[in-house]
Amino acid sequence: MRNVVVRDAEAAVKDIKDGHTVMVGGFGGAGLPKGVITAVLDAGVRELVVISNNAGSSDDDLSLWFGAGIVRKIICSYPRNAQQFAEQYRAGTVELELVPQGTLVERIRAGGAGLGGFLSPVGVGTVFADGKEKIAAQGREFILELPLRADFTFIKGNLADSLGNITYNKSARNHCAVMATAGDTVAVEVDRIVDVGELDPENIVTPCIFVDRVFTRSR
Amino acid sequence: MRNVVVRDAEAAVKDIKDGHTVMVGGFGGAGLPKGVITAVLDAGVRELVVISNNAGSSDDDLSLWFGAGIVRKIICSYPRNAQQFAEQYRAGTVELELVPQGTLVERIRAGGAGLGGFLSPVGVGTVFADGKEKIAAQGREFILELPLRADFTFIKGNLADSLGNITYNKSARNHCAVMATAGDTVAVEVDRIVDVGELDPENIVTPCIFVDRVFTRSR
Amino acid sequence: MKPLSRDALARMVALHLPDEGFVNLGIGAPTHVADYLPSSSGVMLHSENGVLNVGPKPPEGEEDWDLINAGKMPISLKRGGSYFDSSLSFAMMRGGHLDVAVLGAFQVSRNGDLANWTTGDNGSPPGIGGAIDLAVGAKSIWVMMDHTTKDGRPRIVERCGYSLTARKVVTRIFTNLAILDVTENGLAMDALLEGATVAGLQNLTEAPLLTPGKLRTIKQDGTVVP
Amino acid sequence: MKPLSRDALARMVALHLPDEGFVNLGIGAPTHVADYLPSSSGVMLHSENGVLNVGPKPPEGEEDWDLINAGKMPISLKRGGSYFDSSLSFAMMRGGHLDVAVLGAFQVSRNGDLANWTTGDNGSPPGIGGAIDLAVGAKSIWVMMDHTTKDGRPRIVERCGYSLTARKVVTRIFTNLAILDVTENGLAMDALLEGATVAGLQNLTEAPLLTPGKLRTIKQDGTVVP
């Protein structure tokens, strides 16, 4: 029977390569897979393209990646209070693609759902429309927003079974559930692994079809 | 405090008007709000535009609406085994807009999520692309699909609280959860109404913000 | 006449929220509006990171860092609240399901243009977050802000000088001096701080002010009387 | 030589499904493939109406009409299964998350065009359902069908005469006579029913058949040997 449990964060990031695009779940610290942060650093990869809501603001998050200079570009909505990122940004050593938060999650959803893009009313008439195709539909102007996918998705769940079914804890669900659909390899850090059958089928948020690796963080 | 519980199906369909667009949840009988079927008939409205997956196949579903001739048009994916509908269809007294099932639910989602449409790979190079705008994106051809909304959404849930939070039963969730987001007035037939606080906040599928009326079917 | 305190401004906004409305309070000053909702209030607060029916800050030591608001501060959940993912949360926002979004602003123009995401004048990386989705999607967009900048320049202008968040979206402006409605004809005064004058307010406002009806009076504590 | 029975064809398809694969069995004949999966199989079945890890039909009298498959027949749920709404279900389908979709067909063309939704020749209203989403989205699209129509005309053709479901999507064809792979160069024979000949099969097939490698042999019970 399918079993996607791996030993640790190191195993969860196996095969990550220089230049990969990586989605990292979380809104602030909630939903951020902290074990992955260090495992990716240890893997020694560089030139990553990161898709995440924020750009790190403490000593155990994406700040470590910017501090180590392993990120070439970040696609995010709110890189404030992000000191390490800000330094790299001012120095011109990291590229920023700033995306409205709802557009960010919707682009990820489109990537996971096999859509070619969507027509968004958000950003019309602002700098967020610059360089994007405008499409009129039903008498209104929209911006064509394109899908986002990643080589790796790293997210944080609450419970998992060995098949890879996932639940989340409170507001830590945020972008994680959508990012789970849009990565070629999806690795989930969870608080606890339970027996198959223990999760109520009504309450599984991310069905196992989306999940490739599950691990609990060693403390 | 907010309380959206109404007495019965009759109260749930209050203010429905001739010519209204109406979404009806369900895949086959699962998720179909049967109490609403008769209440809408009793309301005496006509010329409805119906959005639903099927077009009725038994004596307690949309067949009754076609039998009574109150539907002007149906937007659906699979109107097979639908005798009453088929008779009206052959007679030319009802219009059919046939939509691939995934496109149907995605159009409804777009309507509820405030999007102007989406680029679908489904139907490219087939009759389902006829008359629709083609948009190339990232080197591939897509069809622009437009959002769907309704004056009324009628769906079937399992449990509700008086605020209007909803859970569903097994595969009866189907189109209901998405339709709940896309109606101006959303009325939900449920098996049971529970006290506020009884539903686990992690397991509520349709948050109360989407729901206007809740009722249990009288037997 | 002293402009409203930040607390009084928050109370004034709180008192105007529709009972049983679904409301999002933007990060910054709008967050404090929650502190002035009466405990009996039926207002349900939405947080863009996937929470409906947000409750007050938990007691110290009982914070759960998996339960935070858009400002990344610990919150609680009221009975009947729910959790959901960001895609459903932004569907609520962009899809017109919120009755009111209360947002801070740098500038608002006569026709309701909103500039609240960047002043463009510092070396910091820009951040937009979810403010722009709220500004486009909520049924009513209320701005709460000081009537002028710290050095006295108008924030309510003919045309925003800063990069826009969204065009023609603001419906109501609550400042520490007045309440204005954005109408087809322009900015209509609804209420004025006790002791202030229309002429005085106009002096602090670049866009012309209309007084289509009887002005209400704002008290120093943020309550408003006919 | 007798063509495979419907049961043997279903067994043949079942034996080829990837272990631990996520699979959708279309309505009609493909549904019966489930009956030939060994109980030890790690294949996880998806139903488009929002079910993953579909189990067998429940015993009579224990049906739950809220738990049905795409053919609207009662099913059960295996341990580790889950329920979800149609939008997530079709995201799975269209987004390439299913390893295999097994579909019935009226016709398949040499380059993998699929026609399986309408023959256009009766007065019935047309129905498309979710077959088209599967045909576009699954990683591999397998067709299972009789090799010819009831009156002996080829279903594997140069160009489909019926209205298409999707273009260039079919990767493999399982018939009651053979297994064919759709390749860049054309239709490559993989296996042939015991007792049938390549020439005989070509006679029943409008599109030209390639035999790039050693042919496997299909037994009457649907098993395939080297």
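Whatever comes next refers back to the structure up there.
Residues numbered from 1 in each chain as written. Chains lettered and ligands numbered in written order. Predicted model: local features only at pLDDT ≥ 70, side-chain atom pairs only at ≥ 80, totals over all residues. Heavy atoms only, no water.

1. Details of the packing of aromatic side chains
A complete count under the given rule lists 12 aromatic pairs over all chains for this structure. Ring plane angle 35 degrees and centroid distance 5.6 Å describe the contact between F85(B) and Y89(B), whose orientation is recorded as tilted. Linking F85(B) with Y89(B), this pair stays in helix α4 (residues 83–91), spanning four residues, or about one helical turn. Overall, the relative accessible area of 0% leaves F85(B) in the buried class. Among the aromatic side chains, those forming a connected cluster through ring pairs are F66(A), F85(A) and Y89(A). The ring of F27(A) has K72(C) sitting right over it, with the charged end atom 4.7 Å from the ring centre. Of note, R172(D) hangs over the ring of W142(D), and the distance from its end group to the ring centre comes to 5.7 Å. (Phe/Tyr/Trp six-rings, centres within 6.5 Å; stacked < 30°, edge-to-face > 60°. Helix = DSSP H or I, 4+ residues; strand = E, 2+ residues; numbered from the N terminus. Buried < 20%, exposed > 50% of the residue type's maximum accessible area, 1.4 Å probe, protein only. Lys NZ or Arg CZ within 6 Å of the ring centre and 35° of its normal.)

2. Focus on the pairing of strand β8 (residues 140–145) of chain C
Residues and elements named next belong to chain C. Burial analysis of β8 places five of its six residues in the buried class, which makes it a mostly covered element. For strand β5 (residues 100–103) and β8, the ladder comprises four bridges, and the chain directions are parallel. The partner of L103 across the bridge, within β8, is V143. Across five bridges, the pairing between β8 and strand β10 (residues 170–175) is parallel. Considered in β10, the bridge of W142 is made with R172. (Pairing = 2+ DSSP bridges.)

3. Considering the environment of S63(B)
Residues and elements named next belong to chain B. In this fold, S63 is placed in helix α3 (residues 63–67). With 21 residues separating them in the primary sequence, S63 and Q84 have C-alpha atoms 5.4 Å apart. Among all residues touching S63, those that are not within four sequence positions of it are A55, G56, S57, S58 and Q84. (Contact = heavy atoms within 4.5 Å.)

4. Describing the interface of chain C and chain A
Residue-level contacts link 36 residues of chain C with 40 residues of chain A. On inspection of chain C and its partner chain A, the count reaches two salt bridges. Here E106(A) and R94(C) are joined by a salt bridge, their closest N and O atoms 3.5 Å apart. Our count for the chain C to chain A interface comes out at 15 residue pairs in polar contact (both at pLDDT 80 or more). Those elements that provide at least two residues to the side of chain C that touches chain A are α2 (86–94) and α3 (131–137) of chain C. The dominant element in the side of chain C that touches chain A, judged by the number of residues it contributes, is α2(C), at four residues. Partitioned by chemical class, the residues of the side of chain C that touches chain A number 17 nonpolar, 11 polar and eight charged. (Salt bridge = Lys/Arg side-chain N within 4 Å of Asp/Glu carboxyl O. Polar contact = N/O pair within 3.5 Å; in protein donor to acceptor, adjacent residues only side chain to side chain. Nonpolar A, V, L, I, M, F, W, Y, C, P; charged D, E, K, R; others polar.)

5. Topic: the pattern of salt bridges
Any two side chains of opposite charge can pair, given that their charged atoms come close. Tallied over the full model, the rule gives 48 salt bridges over all chains. For D15(A), the salt bridge is made with R213(A), and the minimal N-O distance between the two is 3.9 Å. Taken as a pair, D15(A) in the loop between α1 (9–12) and β1 (21–24) and R213(A) in strand β12 (residues 213–216) lie far apart in primary sequence, 198 residues in all. Under the relative-accessibility criterion, D15(A) is labelled partly exposed at 43%. Classification of R213(A) by relative accessible area gives buried; the value is 14%. Between R72(B) and E47(B) there is a salt bridge, and its shortest N-O distance comes to 3.9 Å. On the criterion of sequence distance, the pair formed by R72(B) in strand β3 (residues 71–76) and E47(B) in the loop between α2 (34–43) and β2 (48–51) is long-range, its members being 25 residues apart. Relative accessible area serves as the criterion here: at 36%, R72(B) is assigned to the partly exposed category. A residue is classified by how much of its surface remains accessible, and E47(B), at 44% relative accessible area, is partly exposed.

6. Describing the interface of chain D and chain B
In this complex, chain D contributes 36 residues to the contact, which on the side of chain B involves 40 residues. Of the roughly 3100 Å² buried where chain D meets chain B, counting both sides, 61% is carbon and sulfur surface. The interface formed by chain D and chain B holds two salt bridges in total. Its salt-bridge partner being K170(B), residue D64(D) comes within 3.0 Å of it at the nearest N-O pair. Counting every contact that joins chain D to chain B gives 14 residue pairs in polar contact (both at pLDDT 80 or more). Contributing elements (two or more residues each) for the side of chain D that touches chain B: α2 (86–94) and α3 (131–137) of chain D. Per-element tally for the side of chain D that touches chain B: the top contributor is α2(D), with four residues. By residue class, the composition of the side of chain D that touches chain B is 17 nonpolar, 11 polar and eight charged. (Buried area = accessible area lost by both parts, 1.4 Å probe.)

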